[in-house]
Amino acid sequence: MTKRTEHLEVLISAEQIEARCKELGAQITEDFAGEELHVIGVLNGAFVFLADLVRQIKLDVSIDFLGLSSYGSRKETSGVVRMDSDLSLPIEGRHVLVVEDIIDTGLTMNYLLENLETRRPASMSVCTLLNKSADRRADVPIDYVGFEIPDEFVIGYGLDDAEFSRHLPYIGVVPQPDES
Ligand code: 5GP
């Protein structure tokens, strides 16, 4: 235990995540049978989930990343999204699977899908580890969801708290001051 994890409550354990990655990987393998799959990870948050997920996909898989950040405070996104780093590979004619850590308002994914559509992929699907739909503001299509979660600020397994805690092997909730 560290200073930053001592009050953390485990919401989803490493074992639960591992089991769900296997299920999602099997489903994706079945859905894209006979195809090559181009997986795009959204940095920074998706790097841990993507690494576990792709190892459960039994297809010919290529991988690329892009970096996005949205302005706003820790709990309130502004909806203004910035692309910090673009893809290195073209996606035209490819079956693309976008992998995200969490979809909250949906504004980030909405921006990303609109951007990627202009590059004419053969198909585009979305996989998110966490779906926090209480405050959804953009109607984004989500094909694969790891876990539905309540409207709490979660960290770990790629998700940060001011850039800390991405390395935790589980998803935790930091209790708010009035709750602890
Ligand atoms: P959006 O609201 O646009 O769907 O999500 C914007 C971004 O906010 C996500 O990609 C993620 O980086 C961040 N975010 C949303 N909810 C949480 C959360 O509970 N914990 C963490 N660490 N980041 C979150």
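Residues numbered from 1 in each chain as written. Predicted model: local features only at pLDDT ≥ 70, side-chain atom pairs only at ≥ 80, totals over all residues. Heavy atoms only, no water.

Student: For the environment of aspartate 160, give the residues involved together with the corresponding values.
Tutor: With respect to the secondary-structure elements, aspartate 160 resides in the loop between strand E8 (154–155) and strand E9 (171–173). Looking at aspartate 160, the relative accessible area reads 22%, which means it is partly exposed. The sequence separation of aspartate 160 and valine 42 amounts to 118 residues, and the corresponding C-alpha distance is 14 Å. Setting aside residues up to four positions removed in sequence, aspartate 160 forms contacts with Phe153, Ile155 and Arg166. (Helix = DSSP H or I, 4+ residues; strand = E, 2+ residues; numbered from the N terminus. Buried < 20%, exposed > 50% of the residue type's maximum accessible area, 1.4 Å probe, protein only. Contact = heavy atoms within 4.5 Å.)

Student: Residues and numbers for the nonpolar core, please.
Tutor: The biggest cluster of nonpolar side chains holds 30 residues, and the ones touching the most others in it are Phe49, Val99, Leu130 and Ile171. Within the residue set of this core, elements represented by two or more residues are helix H1 (14–31), strand E2 (36–43), helix H2 (47–54), strand E5 (95–103), strand E6 (123–131), strand E7 (144–148) and E9. In terms of residue count, the dominant contributor to this core is H2 (five residues). For isoleucine 171, the residues in contact, after removing those within four places along its chain, are Glu9, Val10, Leu11, Ile12, Ile17, Leu129, Leu130, Val154, Ile155, Gly156, Tyr157 and Leu159. One finds Leu68, Val81, Ile91 and Met109 within the second-largest nonpolar core, a separate group that totals 17 residues. (Core = buried A, V, L, I, M, F, W, Y, C linked by side-chain atoms within 4.5 Å.)

Student: Any details on the site of the ligand? Residues and values, ideally.
Tutor: Neighbouring the ligand are 16 residues; Asp104, Thr105, Thr108, Lys132 and Val154 lie closest to it. Within the side chain of lysine 132, one N or O atom sits 2.8 Å away from an oxygen atom of the ligand. Note that a nitrogen atom of the ligand is positioned 2.7 Å from one of the backbone N or O atoms of valine 154. Contact with the protein chains hides 86% of the accessible area of the ligand, taken as 510 Å² for the molecule alone. Sort the elements by how many residues they give to the shell around the ligand and E5 lands first, with four residues. (Near = heavy atom within 4 Å. Polar contact = N/O pair within 3.5 Å; in protein donor to acceptor, adjacent residues only side chain to side chain. Areas by Shrake-Rupley, 256 points an atom, 1.4 Å probe, with all protein chains shown as cover.)

Student: Requested: an account of a nonpolar patch on the surface, with residues and values cited.
Tutor: Among the surface-exposed residues, Phe47, Val61, Ile63 and Phe65 lie close enough to one another that they form a single nonpolar patch of about 290 Å² accessible area. In terms of residue count, strand E3 (residues 60–72) provides more of the nonpolar patch than any other element does, three residues in total. Mapped onto the fold, phenylalanine 65 is located in strand E3. (Patch = residues over 30% accessible without salt bridge, like charges linked within 9 Å, V, L, I, M, F, W, Y side chains within 5 Å. Salt bridge = Lys/Arg side-chain N within 4 Å of Asp/Glu carboxyl O.)

Student: Which residues make up the environment of tyrosine 170, and what values go with them?
Tutor: Its location among the elements puts tyrosine 170 in the loop between E8 and E9. Excluding its chain neighbours within four sequence positions, the residues that come into contact with tyrosine 170 are Thr5, Leu8, Val10, Ile12, Ser13, Ala14, Ile17, Ile155, Gly156 and Tyr157.

Student: Just give me the short version of the state of the cysteines, but keep the residues and values in it.
Tutor: Here a disulfide denotes one covalent bond, and it connects the sulfur atoms of two cysteines. Within the structure shown, the criterion is met by zero disulfides. No disulfide involves cysteine 21; its nearest neighbouring cysteine sulfur is the one of cysteine 127, lying 8.2 Å away. (Disulfide = S-S within 2.5 Å.)

Student: Account for the environment of valine 174, with residues named and values stated.
Tutor: For valine 174, the location among the structural elements is in the segment after E9. The exposure class of valine 174 is partly exposed, given its relative accessible area of 21%. Along the backbone, valine 174 and histidine 95 are 79 residues apart, and their C-alpha atoms lie at a distance of 37 Å. In this structure, valine 174 is in contact with Leu8, Phe153, Ile155 and Asp161, ignoring residues within four places of it in sequence.

Student: Which residues make up the pairing of E5, and what values go with them?
Tutor: With eight of nine residues buried, E5 lies mostly within the body of the structure. Pairing geometry for E2 and E5, over four bridges, is parallel. Within E5, the position partnered with histidine 38 by the bridge is valine 96. With eight bridges connecting them, E5 and E6 associate as parallel partners. Residue valine 99 lies in a different strand from E6, and its bridge partner there is cysteine 127. Once you follow E5 into helix H3 (residues 107–117) and on to E6, the crossover reads as right-handed. (Pairing = 2+ DSSP bridges. Right-handed = clockwise from strand over helix to strand, strands pointing away.)

Nothing here speaks to function; it is geometry throughout.
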